[in-house]
Amino acid sequence: MDPNEWMKRAMERKHSGYIYQYYESEKYIKLALEKGDIHLIRDVLHKYKISGQPDRMSKEEAIFNDRANVIRFIDTAMRVAIDHHVDSEKACALGEIIISDISTVTDRVELIDALEKAIQLFIRLIKEEEKHAYSLHVEKCIRYVQQHIFDNLKVKELAIQQQISPDYLSNLFFCETGTNLSTFIHKQKIKEAELLFLYYPAYSINDVATMLSFKHLSHFSALFKRYTGITPKEYKNKHITTAAKNRGAVRLR
């Protein structure tokens with residue numbers, strides 16, 4: 001198709017409000033997840049489900065756009081869950097399974113019903129995590145590490161931010177989590193590295209190590225193998241096919 005024709009059709013879909021309605025719904029998805037309110041989710045999805053199909057959009061285009069929007073909602077749910085301290089690997093794994101399951105769905109009602117069930121699962125994950133509440137110092141520490149994972153994180157600097165001693169923060173963190181703070185930082189960085197390798201296979205091992213503020217590639221590689229059981233190169237080779245499939249999940253079959 002001519003590029004100008006593609007642009008024309010894209011603008012028609014934009015003005016119809018059909019393809020972009022998920023922007024309005026996304027904030028309610030976030031709110032429902034944060035409150036654990038499945039009734040709010042159902043209200044939003046019911047409105048979304050009964051929205052009309054634009055006259056100029058074919059059935060194939062409509063289901064493609066619906067599937068793309070659902071995948072965006074799933075991505076939002078993953079991020080909200082991680083922000084609420086759900087293990088990033090667990091949240092992403094759940095998201096990948098759900099996206100894989102809906103990749104061949106061609107019925108709109110079935111697609112939205114699958115999304116409702118998915119959001120329920122993420123709400124459950126978040127509620128389970130909230131049962132394991134930590135003290136304010138540890139909570140702030142965990143959140144800061146997760147939000148600044150690409151920085152060169154040091155226990156001393158984390159303690160200074162909270163105006164407590166490094167020894168006190170380290171002991172408190174260990175008592176509440178059962179893990180050394182420095183070990184927690186390393187594990188979080190390696191989990192982030194796994195995601196980068198999975199979703200951005202073009203990044204080299206050195207690229208990822210540098211992004212995560214490792215000064216020495218050997219240190220990064222040693223930690224990666226310690227916490228995953230395989231080297232970064234082995235991980236990339238193992239998951240490159242899986243990553244390609246996940247990136248193509250929204251394609252019509």
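Now for a look at the structure at hand.

Conventions used here
- Residues numbered from 1 in each chain as written.
- Predicted model: local features only at pLDDT ≥ 70, side-chain atom pairs only at ≥ 80, totals over all residues.
- Heavy atoms only, no water.
- Helix = DSSP H or I, 4+ residues; strand = E, 2+ residues; numbered from the N terminus.
- Core = buried A, V, L, I, M, F, W, Y, C linked by side-chain atoms within 4.5 Å.
- Buried < 20%, exposed > 50% of the residue type's maximum accessible area, 1.4 Å probe, protein only.
- Contact = heavy atoms within 4.5 Å.
- Salt bridge = Lys/Arg side-chain N within 4 Å of Asp/Glu carboxyl O.
- Axes fitted to C-alpha atoms, helices over the stretch in contact; angles between N-to-C directions.
- Parallel < 35°, antiparallel > 145°, perpendicular 65-115°, else oblique.
- Left-handed = near helix turned anticlockwise from the far one by under 90°.
- Nonpolar A, V, L, I, M, F, W, Y, C, P; charged D, E, K, R; others polar.
- 1 Å grid on protein atoms, 1.4 Å probe; cavity = no way out; pocket = protein on both sides within 12 Å on 5 of 7 lines; lining within 4 Å.
- Points joined across faces, edges and corners; volume = space filled by probe spheres on them.

**Quick look at the overall build of the protein**
Phase 1 of the analysis: Along its length, the protein carries 13 helices and zero strands.
Phase 2 of the analysis: Along the protein, from the amino end to the carboxyl end, the secondary structure elements read α-α-α-α-α-α-α-α-α-α-α-α-α.

**Re the nonpolar core**
Phase 1 of the analysis: Counting 33 residues, the largest nonpolar core has Leu 33, Val 70, Ile 74, Ile 119 and Phe 122 as its most contacted members.
Phase 2 of the analysis: Mapped by element, the contributors of at least two residues to this core are helix H2 (21–35), helix H3 (38–49), helix H4 (59–83), helix H5 (88–102) and helix H6 (108–130).
Phase 3 of the analysis: Those residues within four positions of Ile 119 in sequence are excluded, and the remaining contacts are Ile 29, Leu 33, Ile 41 and Ala 77.
Phase 4 of the analysis: Listed in part, the 29 residues of the second largest apolar core include Ile 149, Val 155, Leu 169 and Phe 197.

**What to know about the pattern of salt bridges**
Phase 1 of the analysis: Applying the stated rule across the entire model yields two salt bridges.
Phase 2 of the analysis: Close ionic contact of Arg 108 with Asp 66 constitutes a salt bridge, the shortest N to O distance being 2.7 Å. Here Arg 108 is found in helix H6, whereas its partner Asp 66 is found in helix H4, with 42 residues between them in sequence.
Phase 3 of the analysis: For Arg 108, a relative accessible area of 17% gives the class buried.
Phase 4 of the analysis: Between Arg 79 and Asp 75 there is a salt bridge; the shortest N-O distance is 3.0 Å.

**Here's the deal with the packing of H4 against H5**
Phase 1 of the analysis: At a closest axis distance of 9 Å, the pairing of H4 and H5 adopts a crossing angle of 165°. The pairing of H4 with H5 is recorded here as roughly antiparallel in orientation. Two packed elements cross with a definite hand, and for H4 against H5 that hand is right-handed. In this structure, H4 contributes Arg 67, Val 70, Ile 71, Ile 74, Met 78, Ala 81 and Ile 82 to the contact, and H5 contributes Ser 88, Ala 91, Cys 92, Gly 95, Ile 98, Ile 99 and Ile 102.
Phase 2 of the analysis: Of the residues belonging to the contact of H4 with H5, the class tally is 11 nonpolar, two polar and one charged.

**What about the environment of Lys 117?**
Phase 1 of the analysis: Residue placement: Lys 117 occurs in helix H6.
Phase 2 of the analysis: For the pair formed by Lys 117 and Ile 38, sequence separation is 79 residues and the distance between their alpha carbons is 9.8 Å.

**A closer look at the packing of helix H7 (residues 136–147) against helix H10 (residues 181–199)**
Phase 1 of the analysis: Contact geometry of H7 with H10 gives a least axis separation of 10 Å together with a crossing angle of 30°. By the criterion of interaxial angle, the relationship of H7 to H10 is roughly parallel. Seen along the crossing, H7 lies across H10 with a hand that is right-handed. Contact residues: Cys 141, Ile 142, Val 145 and Gln 146 in H7; Leu 181, Phe 184, Ile 185 and Gln 188 in H10.
Phase 2 of the analysis: Looking at the contact of H7 with H10 residue by residue, the class counts come to six nonpolar, two polar and no charged.

**Quick look at the layout of surface pockets**
Phase 1 of the analysis: Empty space within the second largest pocket amounts to approximately 330 Å³.
Phase 2 of the analysis: If you go around the second largest pocket, you meet 14 residues; those closest to its centre are Asp 87, Tyr 134, Phe 184, Gln 188 and Lys 191.
Phase 3 of the analysis: Of all elements in the fold, only H7 and H10 reach the threshold of two or more residues within the lining of the second largest pocket.
Phase 4 of the analysis: Counting residues per element, the lining of the second largest pocket draws most heavily on H10, at four residues.
Phase 5 of the analysis: Across the lining of the second largest pocket, the residue classes break down as three nonpolar, seven polar and four charged.

Honestly, that's just the spatial picture; any functional story needs more than this.
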